[in-house]
Amino acid sequence: MAEEQVTAVGNEMSASFLAAKKRSDETLEALKKNPGKFTMLTGDRPTGRLHLGHYFGSIRERVNMQNAGVNTNIIIADYQVITDRDTTEHIQDNVLNLVLDYVAAGIDPKKTMIYTHSAVPAENQLMLPFLSLVTEAELHRNPTVKSEMEASGHALTGLLLTYPVHQACDILFCKANVVPIGKDNLPHVEITRTIARRFNERYAKKNPVFPEPDAILSEAPEIPGLDGRKMSKSYGNSIMLGATAEETAKLIKKSRTDSERKVTFDPVNRPEVSALLTTAGLVTGRDPKDIAEEIGDAGAGALKAYVTKSVNEFLAPHRERRAELAKDMDAIRDILHDGNKRANEIAEQTLDEVREAMGMKY
């Protein structure tokens, strides 16, 4: 019986994902035809520097959407750092370095609003009515919350439990109707859709306040780190966008491979070698199998040399732009101040509409 229940749950999740994928594909087609009709919200927690995984997984697509004419918004989710961490040490440095990497990668602050959680009180005030629209059971069911709690080793804090509601505030305060995500974050968008729908049904049937946003599921593959695991700051297996050529060379040189001399692309049996080949493939636009065949019996040393050269050539323009931008950190702070100002104006207007719908304007 237990086995049947597991199968049923698995089938239900699979069906739910397929429905989300279909909706994602349809939304993407509509966005390509008329990008100006769409408002996008995405962002990062400032827990460290951005790496190649971030670039290929999300930043490149943000730049594409921005340049296509989508109304793009990026949140630096500083309040969400404390969902699973006990300190905000280095947070200011991390925030400013995120802005540096965004702009160096092609994000244009004149077209894309970049702002921080903590600087927009009206957005965070949406938490109060939004929390009344979800049940404790719904929050506990969210798989992302469970996995993040397990990964952190912390007790389940109130902030971590309500993390998906906070993300709903991020998305809905600017009335975003598209959210680019990986499939692991699909439950967050689903709960945002639920909150938007319930608010409109409860308080604003005649004049809905919020859109029900659609997830755009990323086509980007999971980017492996230099050890074959997922590229992650916490694993120390990441190639940072802002690292120097020398730091990158050193990191790649000390990455593990295996004892077999011939280089082959075999992610299951040779994860470390295959991770290096995948990285080289991403930055050169080549098939990792072709790179493996080309290197062949030359061994791991030749592979690492090829990966180092390819990554450093790929990142050279980014590093050059980044270094130039870093000469004027006041200008970087101005970008953030301007984004925060714009976000506050939008959030105040949305909160005003919320209070109007709830009959709380006196």
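Cut-offs applied
- Residues numbered from 1 in each chain as written.
- Predicted model: local features only at pLDDT ≥ 70, side-chain atom pairs only at ≥ 80, totals over all residues.
- Heavy atoms only, no water.
- 1 Å grid on protein atoms, 1.4 Å probe; cavity = no way out; pocket = protein on both sides within 12 Å on 5 of 7 lines; lining within 4 Å.
- Points joined across faces, edges and corners; volume = space filled by probe spheres on them.
- Helix = DSSP H or I, 4+ residues; strand = E, 2+ residues; numbered from the N terminus.
- Phe/Tyr/Trp six-rings, centres within 6.5 Å; stacked < 30°, edge-to-face > 60°.
- Buried < 20%, exposed > 50% of the residue type's maximum accessible area, 1.4 Å probe, protein only.
- Arc of directions from axis to C-beta.
- Contact = heavy atoms within 4.5 Å.
- Polar contact = N/O pair within 3.5 Å; in protein donor to acceptor, adjacent residues only side chain to side chain.
- Salt bridge = Lys/Arg side-chain N within 4 Å of Asp/Glu carboxyl O.
- Domains from an automatic or database assignment.
- Buried area = accessible area lost by both parts, 1.4 Å probe.
- Axes fitted to C-alpha atoms, helices over the stretch in contact; angles between N-to-C directions.
- Parallel < 35°, antiparallel > 145°, perpendicular 65-115°, else oblique.
- Left-handed = near helix turned anticlockwise from the far one by under 90°.
- Nonpolar A, V, L, I, M, F, W, Y, C, P; charged D, E, K, R; others polar.

Examining empty space enclosed by the protein
Any empty space left between the atoms is revealed when a probe the size of a water molecule rolls over them.
In step 1: Applying the stated criterion to the full structure yields 1 cavity of 30 Å³ or more.
In step 2: A volume near 40 Å³ is recorded for the largest cavity.
In step 3: As for the largest cavity, its lining consists of Thr257, Asp258, Glu260, Arg261, Val263, Arg270, Val273, Gly299, Ala300 and Leu303.
In step 4: The leading source of residues in the lining of the largest cavity is helix H14 (residues 299-325), at 3 residues.

Here's the deal with the packing of aromatic side chains
In step 1: In this structure the tally under the stated criterion is 7 aromatic pairs.
In step 2: For the ring pair tyrosine 55 and phenylalanine 56, a centre distance of 5.2 Å and an interplane angle of 85° mean the geometry is edge-to-face.
In step 3: Using a relative accessible area of 17% as the deciding quantity, one classes tyrosine 55 as buried.
In step 4: Taken together, the ring pairs in this structure connect Phe130, Phe199, Tyr203 and Phe210 into an aromatic cluster.

Some words on helix H13 (residues 288-295)
In step 1: The set of residues buried in H13 consists of Pro288, Ile291, Ala292 and Ile295. The buried side chains of H13 occupy one side of the element, clustering within an arc of 100° when seen end-on. In H13, the exposed positions that point more than 90 degrees away from the buried face belong to Lys289, Glu293 and Glu294.
In step 2: Where H13 is buried, its residues touch helix H12 (271-284) and H14.
In step 3: Taking the backbone nitrogen of lysine 289 as reference, a side-chain oxygen 2.8 Å away marks aspartate 287 as the first, capping residue of H13.
In step 4: Where H13 ends, the next residue or the one after it, glycine 296, has phi of about 50°, a positive value.

Comments concerning the pattern of salt bridges
In step 1: Applying the stated rule across the entire model yields 25 salt bridges.
In step 2: Linking lysine 32 and glutamate 29 is a salt bridge whose minimum nitrogen-to-oxygen distance equals 3.9 Å. Remark: glutamate 29 and lysine 32 occur in helix H1 (residues 2-33); sequence separation between them is 3 residues, near one turn of the helix.
In step 3: With a relative accessible area of 58%, lysine 32 lands in the exposed category.
In step 4: One salt bridge in this structure joins arginine 198 and glutamate 138, with 2.8 Å as the shortest N-O distance. On the criterion of sequence distance, the pair formed by arginine 198 in helix H10 (residues 186-203) and glutamate 138 in helix H6 (residues 136-141) is long-range, its members being 60 residues apart.
In step 5: The network of salt bridges with common partners includes Arg23, Glu190, Arg193, Arg197, Glu212 and Asp214.

Notes on unusual backbone geometry
In step 1: The backbone of histidine 90 sits at a positive phi, close to 70°, despite the residue not being glycine.
In step 2: Along the chain, histidine 90 falls in the loop between strand E2 (71-76) and helix H3 (91-105).
In step 3: Here histidine 90 falls in the exposed class, since its relative accessible area comes to 52%.
In step 4: Non-glycine residue lysine 175 carries a positive phi angle of around 55°.
In step 5: Here lysine 175 lies in the loop between helix H9 (163-173) and strand E4 (178-181).
In step 6: Owing to a relative accessible area of 27%, lysine 175 belongs among the partly exposed residues under this scheme.

Some remarks on the domain arrangement of the protein
In step 1: As far as domains go, the protein holds domain 1 (15-223 + 329-358) and domain 2 (242-327).
In step 2: Contacts between the two partners involve 13 residues from domain 1 and, on the opposite side, 13 residues from domain 2.
In step 3: The largest per-residue losses of area from domain 1 upon contact with domain 2 belong to Leu52, Phe56 and Ala104, which jointly make up 42% of the total buried on that side.
In step 4: Two residues, aspartate 101 and arginine 322, come together in a salt bridge whose shortest N-O distance is 2.8 Å.
In step 5: At the level of secondary structure, the elements contributing two or more residues to the side of domain 1 that touches domain 2 comprise helix H2 (52-68), H3 and helix H15 (329-357).
In step 6: In terms of residue count, the dominant contributor to the side of domain 1 that touches domain 2 is H3 (6 residues).

Here we look at the packing of H9 against H10
Geometrically, a packed helix pair is captured by the angle between its two axes and the distance between the axes.
In step 1: Their axes nearest at 9 Å, the elements H9 and H10 cross at an angle of 70°. Here H10 runs roughly perpendicular to H9, going by the angle between their axes. The crossing of H9 and H10 is right-handed. The segment H9 lies against H10, with Pro164, Val165, Gln167, Ala168, Ile171 and Leu172 engaging His188, Ile191, Thr192, Ile195 and Ala196.
In step 2: Split by residue class, the contact of H9 with H10 holds 8 nonpolar, 3 polar and no charged.

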